[in-house]
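Reading the structure
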Amino acid sequence: MEGRRIAIRGAVQGVGFRPWVFRLAREESLAGRVRNDAAGVTIEAFGTRAALDAFIGRLRAEAPAAAAIRALECEALAPQPVRGFTIEPSRADSVARQVSIPPDLATCAACLAEVLDPRDRRHGYAFTNCTDCGPRFTIALDAPYDRARTTMAGFRMCPQCEREYGSPSDRRFHAQPNACPTCGPRLSLLSCAGADDAADPLAAVARRLVEGGIAAVKSLGGFHLAVDATSPAAVARLRLRKRREQKPFAVMARDLAQAETLARLDDAERALLVSAARPIVLARRREGAALAPEVAPDGNPLVGLLLPATPLHHLLLRAVGRPLVMTSGNLADEPLAYDNHDARARLGGIADVLLGHDRAIAAPCDDSVCRVIAGAPVVLRRARGYVPRPVALARPLARPILGCGAHLKNAVCLGVGDSAHLGPHVGDLDNADTTRAFEESIARLERFLRARPEVVAHDLHPDYVSTAHALARPEPVKVGVQHHHAHVVGVMAEHGLPGPVIGVAYDGTGYGTDGTAWGGEALLATPAAFERVGTFRVIPLAGGEAAIRQCWRVALALLDDAYDGAPPLERLPLFASLPARELDGVRHMLARRVNTPLARGIGRYFDGFGALFLNRPRAAYEGQVALLWNLAAAVDEGRAYVFDLDGAAPLPTVDLRPSVRAAVADFDAGRPAGTISARFHNTLAAATAALVRGAARRHGRLPVVLGGGCFQNPLLAEGVLRALGRDFDVRLPREAPPGDGGIALGQVVIADALTRGAA
Ligand code: ZN
Ligand code: ZN
Ligand code: FE
């Protein structure tokens, strides 16, 4: 007989880990115990050496899909005369705050089989779950994660459910949201309903959807608005009522087989679609897919696909028999509706029927959005299924730190010890409602982690709502963090890089230390400091903010600069469609340099080129023209345009004026937009590689990190990887969004570095 103490760290609580350990120990005929503790899970096991070795091997190899083991440490233990294997109750005060609330988990195969089995007592039951699946973060009211501290507290388990919950060999042992049709939550129609409808709300909603109606559906993290994705009229009506003109809608398919009929998927995309997080996956739409064109009316060739995450979604998709548009339950820029009352008030005018239920959502959480880049997933919008799982920090924080994030696509981050917890995507902080959601998101993280920040980090931009919030908070220590430094350090943090690195941060705009807008920056960076080692030539933004949606203004500025004030407007159809007065006004501004703040964002180059060569003067939503310019690129084009770069200058600056002229010449020669776009991407990749190689000559061949919203673009990210080749260790954002949704993570790590030792 021998003994082992095995300490496991990582996301191992609330994911069915202890019952799984219990079953494994029994199969290997081991005695001992398992318990949750402050660091994760600790096992004490006794048996023969062979059985212990087999057990430890299986712990490493077979962990539940939703668990993420960060470390497994083993030490010898004197044998003890224990009988059998037991799961010890965890004492609330010993449960680690950081790991006590897991993310929501998509319905597992075993639960789905029960829901679909007419002989099972959970047949057709929309709230079926077990220790391997079900709601977690979105029903949690407080920590530690226990039924009494979730919105399931009011449901008293029936004897059968109680038995499952109490039996260590059962799949539902300590499944906090355990429920059945007898004792658990129920569906109901929140809008007025006939007697037939009320008897079977799900069937009633499915019927309306088949008829082309709009349904509001209470899902895991909030309400969705659903329509038949194959019906042009239904999708068009939803656009009108939701006031969303062009931005593509996500589509839910009933299963992977149906998803394959809608998009061309590779293995990485398939794996992501069926993962426990069940994000929206951006994939290439299949030609001839049975989808209404109104799902993406702007010609976007991608489709955002997701699979059912809950039994309710599985049942609904099966009842409707066709893919459904599933978009956030809100009007235009409002936050997500997540309680029944609010949904009635705000979605009543949009939806024809509202499907609700009596299990409250405690923490609103949008669907996450992912894309496969360079063969692996990148989380573009981080929410349901990922939050509040922390990013593990290589160096523990000296004190708890709050990062307030950026202004657009805001997400906050609360870092405690060696864990940085990004909150769910909040959205753009443009109105009082989203600002309230932002404040609630901070308060919820503080409550769940039982942590009060001692340092508050914020962007340097004085007009961001998140900056104003940070400055108004009571904590005495505030740290302003440069936007692109935060992009770079966020990527360093998730890869455990201590720095220095050569960081490349490309986005639309971010406040520079000189008060101007930056966005095409190469930085030599550590968490404590950065130095700019490369940038792009400035673009005058005629009319300031107005130029961001009116991309033609940027196009004009690029041409004006490239042709020394004599742009060949007659050669480009873009300008023929614009009112002469407006055009003259902007030319005047550019010539006189009035109301033309200077900006450097790579996103602006995408806007300008897209406007010029796709003949799209305006973006219908933020980043639309840039996105379409990316998507226009032909795949098999290898050439690039020439650009200028003075490597000996104090701040090497890429000058794309020769590229603009070459692109116009291509256009004159009748080359398609796809070719010009591909060459533009290749040019940026080559320019980036030149900046990085220049920095490496001066500062050494350091690791390279790529951050900022422009690296949501696979063509650019993969192009830079290719251009740098094997000479460099290049890292992409994976776990935290490349765009401003990942900023708060970098803010936390930088604020720690800057205030360390100051206290
Ligand atoms: Zn399950
Ligand atoms: Zn029950
Ligand atoms: Fe940014």
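The structure we're discussing is the one just above.
Numbers given for residues are sequential positions, taken from 1 along each chain in its written order. Labels follow written order: the first chain is A, the first ligand is 1, and so on. Thresholds applied to this predicted model are a pLDDT of at least 70 for local features of residues and 80 or more for the giving and counting of side-chain atom pairs; totals over whole chains, interfaces and linings are not thresholded and use all residues. The side-chain quantities take in all heavy atoms of the structure and omit both hydrogens and water.

**Structural notes on the coordination of the iron ion (ligand 3)**
Looking at the iron ion (ligand 3), the protein donor atoms are His483 (NE2), His487 (NE2), Asp507 (OD) and Asp740 (OD), and they sit 2.1 to 2.3 Å from it. Only N, O and S atoms count as donors, using a 2.8 Å cut-off from the metal and 3.2 Å for Na, K and Ca, and because water is excluded some sites may appear unfinished. Taken in chain order, the donor set of the iron ion (ligand 3) reads H-x3-H-x19-D-x232-D. Taken as a pair, His483 in helix H14 (residues 483-494) and Asp740 in the loop between strand E31 (730-731) and helix H24 (743-755) lie far apart in primary sequence, 257 residues in all. No difference in accessibility class separates His483 from Asp740, as the two residues are buried. Strands here mean DSSP runs of E at least two residues long; helices mean DSSP runs of H or I at least four residues long; both are numbered from the N terminus. Burial classification: accessible surface area is computed with a 1.4 Å probe over protein chains only, and a residue below 20% of its type maximum counts as buried, one above 50% as exposed, and the rest as partly exposed.

**A short note on the packing of helix H6 (residues 201-210) against helix H10 (residues 311-320)**
Here the axes come from fitting lines to C-alpha atoms, over the contacting stretch only for helices, and the angles between their N-to-C directions go from 0 to 180 degrees. Packing of H6 against H10 leaves a shortest axis separation of 9 Å and a crossing angle of 50 degrees. Between H6 and H10, the angle falls in the class oblique. The two elements H6 and H10 cross, and the hand of that crossing is right-handed. Residues Leu202, Val205, Ala206, Leu209 and Val210 of H6 form the contact with H10, whose own contacting residues are Leu312, Leu315, Leu316, Ala319 and Val320. Roughly parallel covers angles under 35 degrees, roughly antiparallel covers those over 145, roughly perpendicular covers 65 to 115, and oblique covers all other angles. Crossing handedness: left-handed means the near helix sits turned counterclockwise from the far one by under a right angle, and right-handed means the same turn made clockwise. Whether two residues touch is decided by their heavy atoms; if any such pair falls within 4.5 Å, the residues are in contact.

**Regarding the coordination of the zinc ion (ligand 2)**
Protein-derived ligands of the zinc ion (ligand 2) are Cys158 (SG), Cys161 (SG), Cys180 (SG) and Cys183 (SG), with the metal-ligand distances lying across 2.2 to 2.4 Å. Taken together, the four donor atoms surrounding the zinc ion (ligand 2) define angles of 104 to 117 degrees at the centre, an arrangement classified as tetrahedral. Between the donor residues of the zinc ion (ligand 2), the gaps in sequence give the motif C-x2-C-x18-C-x2-C. Just as Cys180 is buried, Cys183 falls in that class too. Each label reflects the angles at the metal, where four donors whose angles all fall between 85 and 135 degrees are tetrahedral, four or six donors whose opposite pairs open beyond 155 degrees and whose other angles stay between 65 and 115 are square planar or octahedral respectively, and the rest are irregular.

**Details of helix H7 (residues 232-242)**
Turning to H7, its buried residues number three or more, namely Ala234, Val235, Leu238, Arg239 and Lys242. Within H7, the buried residues cover an arc of 140 degrees as seen down the axis, which keeps them to one side. Within H7, the exposed residues directed more than 90 degrees away from the buried face are Ala233 and Leu240. Residues of H7 that are buried make contact with strand E8 (223-228) and strand E13 (324-328). By construction, the arc corresponds to the directions joining the helix axis to the C-beta atoms.

**Details of the pattern of salt bridges**
The term salt bridge refers to a side-chain nitrogen of Lys or Arg lying within 4 Å of a carboxyl oxygen of Asp or Glu. Tallying each qualifying case throughout the model produces 47 salt bridges. Taking the shortest distance from any N to any O, the salt bridge between Glu44 and Arg33 comes out at 2.5 Å. Residue Glu44 is found in strand E3 (residues 40-47), and its partner Arg33 is found in strand E2 (residues 31-37); the two are separated by eleven residues along the sequence. A residue is classified by how much of its surface remains accessible, and Glu44, at 7% relative accessible area, is buried. You can call Arg33 buried: its relative accessible area is 16%. Note that Glu475 and Arg473 form a salt bridge whose closest N and O atoms lie 2.9 Å from each other. Relative accessible area serves as the criterion here: at 12%, Arg473 is assigned to the buried category. Linked by salt bridges that have partners in common, Arg5, Arg33, Arg35, Glu44, Glu75 and Glu88 make up one network.

**Structural notes on the sheet that holds strand E5 (residues 85-87)**
DSSP-based pairing: two strands are paired if at least 2 bridges between them are found. Ordered by their spatial adjacency, five strands build an open sheet running E4-E1-E3-E2-E5, and the pairing between neighbours is mixed. Two strands bound the open sheet, and with one partner strand each, they are strand E4 (68-77) and E5. When the angles between neighbouring strand axes are averaged without regard to direction, this sheet yields 15 degrees. In the sheet, E2 pairs with E3 via seven bridges, with the strands oriented antiparallel. When the sheet's bridge partners are listed, Arg35 is paired in E3 with Thr42. On the sheet, helix H1 (residues 17-27) packs against strand E1 (2-11), E2, E3, E4 and E5 and is oriented at approximately 175 degrees with respect to E5.

**Regarding the nonpolar core**
Note on terminology: a nonpolar core comprises buried Ala, Val, Leu, Ile, Met, Phe, Trp, Tyr and Cys residues joined through side-chain atoms within 4.5 Å. Residues Phe536 and Phe575 are the most contacted members of the largest nonpolar core, which totals 114 residues. Looking at which element gives the most residues to this core, the answer is helix H22 (residues 673-699), with ten residues. The contacts of Phe575, once residues within four sequence positions are left out, are Trp552, Ala555, Leu556, Leu559, Leu569, Leu583 and Leu612. In this structure, Val227, Val251, Ala263 and Leu307 belong to the second largest nonpolar core, which totals 41 residues.

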